[in-house]
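A look at the structure
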Amino acid sequence: MQRLIGAHTSTAGGLQNALYEGKRLGCTAVQIFTSSPRQWKPSSVTPEQIEKLQHARAETGIQCVVSHAAYLINLASPDPDTRRKSYEAYLAELQRCAALGIRYAVVHMGSHPDFEAGIQLLIENLRNLLAEMPDGVCIAMETMAGQGSALCYRFEHFTRILDALPDERLTLCADSCHLFAAGYDLRTPETYHTVWEEFDRHIGLPRLQVWHLNDSKKPLGSRVDRHEHIGEGELGLGAFERILSDPRFAALPMLIETPDEKRFAEDLEKLWGLARD
């Protein structure tokens, strides 16, 4: 079985260029933005873009492409206009992914100063998205660090969503930095086992379909989202060794979003080394 290890690569000059850059870096999977991550305006993909991406997949051998939705999206926003624009932007993301043959569209879970109100707004928007989204794509809800009034930094928050919406198209993307910042310790065999026991109890391990592998600049439970290069932060190489050697995750795409793209090759080399051990 081919391991799916890669990075969030640039689409400058065309979506297909992210795959060629991934190939140069030694990736077997990549994450991309299918449109500008800092603009609201929903866009659609052209037949030419679809064809070029398919050609790049064939040329590079990189079949696993994951998308990351725009950072602006807040499906739980207390502001109705922001909520509407967020909904439209993420629905457009899901539609682009379906057209491009991308299965997972990772999305940040948003924030609201009132947790109960926010989680209900989030559930409502997710329910509507599930009713309207095209076939062949899944919502990949990212585990958050808990910064500010962010939702979904505890596994129990996802339980609320999944109890209300038991739909198999709702999947999770686990971010190692975010988990750690939220208080989930992946550094020792004992705490690592406890984290996944809790995840399985609240969410169910089959829901986890994508990994973001990032070390953390900030300590355990800080609820501050600051990525660090692999093995150079508070998590350390041992945590990544445990994740990469865990047979439950062996088939999942594992993607870095470390701070400096110039060091992607170095970070990926570390991960590939751990995967082969």
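Small disclaimer: the values here were computed from a predicted structure and weren't measured.

This paragraph deals with the pattern of salt bridges. A complete count under the given rule lists 15 salt bridges for this structure. In this structure, aspartate 81 and arginine 84 form a salt bridge, with 2.6 Å as the shortest nitrogen-oxygen distance. With aspartate 81 and arginine 84 both in helix H3 (residues 80-100) and three residues apart, this pair spans about one turn of that helix. As a salt-bridge pair, aspartate 246 and arginine 248 come within 2.7 Å of each other at their nearest N and O atoms. Several salt bridges converge on common partners, so that one network encompasses Asp81, Arg84, Lys85 and Glu88.

For helix H7 (residues 189-202), which comprises 14 residues, the first-to-last C-alpha distance of 20 Å matches the rise-based estimate of 20 Å (1.5 Å per residue) to within 8%. Looking at H7, one finds that the buried residues are Tyr192, Val195, Trp196, Glu198 and Phe199. End-on view of H7: buried residues confined to an arc of 155°, all on one side of the axis. Structural note: H7 exposes Pro189, Glu190 and Arg201 on the side pointing more than 90 degrees away from its buried face. Among the structural elements, helix H5 (155-164), strand E6 (170-175), helix H6 (176-181), strand E7 (208-213) and helix H8 (236-244) are those in contact with the buried residues of H7. Just past H7, the residue glycine 204 takes up positive phi, approximately 100°.

Attention shifts here to the sheet that holds strand E3 (residues 64-68). What the eight strands build is a closed barrel, ordered E1-E2-E3-E4-E5-E6-E7-E10; its pairing is parallel. The sheet shows a mean angle of 30° between the axes of neighbouring strands, direction not considered. One ladder, built from three bridges, connects E7 with strand E10 (residues 254-256); its direction is parallel. By the bridge assignment for E10, leucine 213 is matched with isoleucine 256. In the packing of helix H4 (residues 115-132) onto the sheet, contacts are made with strand E5 (138-142) and E6, and the angle to E5 comes to roughly 155°. Sitting on the sheet, helix H9 (residues 264-276) touches strand E1 (5-8), E7 and E10, and the angle it makes with E1 is about 155°.

Counting residues in each nonpolar core, the largest one holds 81 residues, and the members touching the most others are Leu126, Ile139, Ile161, Trp196 and Trp211. Element by element, the count of residues in this core is highest for H3, at seven residues. Every residue in contact with isoleucine 139, bar those within four places of it in the chain, is listed here: Tyr90, Leu94, Ala105, Val107, Leu126, Leu129, Leu130, Met133, Arg169, Leu170 and Thr171. Ranked by size, the runner-up nonpolar core spans eleven residues in total, among them Val66, Tyr104, Ala140 and Val210.

Where burial is concerned, the two faces of strand E2 (residues 29-32) agree: the one with Ala29 and Gln31 and the one with Val30 and Ile32 are both buried. Note: E1 against E2, three bridges, orientation parallel. Residue glycine 6 lies in a different strand from E2, and its bridge partner there is alanine 29. Assessed by its sense of winding, the connection that carries the chain from E1 through helix H1 (residues 16-25) to E2 is right-handed. Relative to E3, E2 is paired through four bridges, and the arrangement is parallel.

What follows covers helix H2 (residues 47-60). Here H2 spans 20 Å end to end across 14 residues, near enough to the 20 Å set by a 1.5 Å rise per residue. Among the residues of H2, those classed as buried are Leu53, Ala56, Arg57 and Thr60. End-on, the buried residues of H2 take up no more than an arc of 105°, which puts them together on one face. The exposed residues of H2 that point more than 90 degrees off its buried face are Pro47, Glu51, Ala58 and Glu59. Here the buried face of H2 lies against H1, E3 and H3.

Parameters at a glance
Per chain, residue numbering runs from 1 following the sequence as it is written. Totals for whole chains, interfaces and linings use every residue, but because this is a predicted model, local features are given only for residues with pLDDT of at least 70 and side-chain atom pairs only at 80 or more, for both listing and counting. Heavy atoms throughout the structure, all of them, feed into the side-chain values; hydrogens and water do not. The term salt bridge refers to a pairing of a side-chain nitrogen on Lys or Arg with a carboxyl oxygen on Asp or Glu at a separation within 4 Å. Starting at the N terminus, helices and strands are each numbered in turn, a helix being any DSSP run of H or I of at least four residues and a strand any DSSP run of E of at least two. Between the first and last residue of a helix there are one fewer steps than residues, each counted as 1.5 Å, and that sum is the expected span. For every residue, the accessible area (1.4 Å probe, protein chains only) is compared with the maximum for its type, and the residue is labelled buried under 20%, exposed over 50%, or partly exposed between those bounds. This arc describes the spread of directions from the helix axis toward the C-beta atoms. Should any heavy atoms of two residues lie within 4.5 Å, those residues are considered in contact. Two strands are counted as paired when DSSP detects at least two bridges linking them. Here, axes are lines fitted to C-alpha atoms. For helices the fit covers the stretch in contact, and angles between N-to-C directions go from 0 to 180 degrees. Definition of nonpolar core: a set of buried residues of the types Ala, Val, Leu, Ile, Met, Phe, Trp, Tyr and Cys, connected through side-chain atoms within 4.5 Å. Seen with its strands pointing away from the viewer, a crossover is right-handed if its path from the first strand over the helix to the second goes clockwise.

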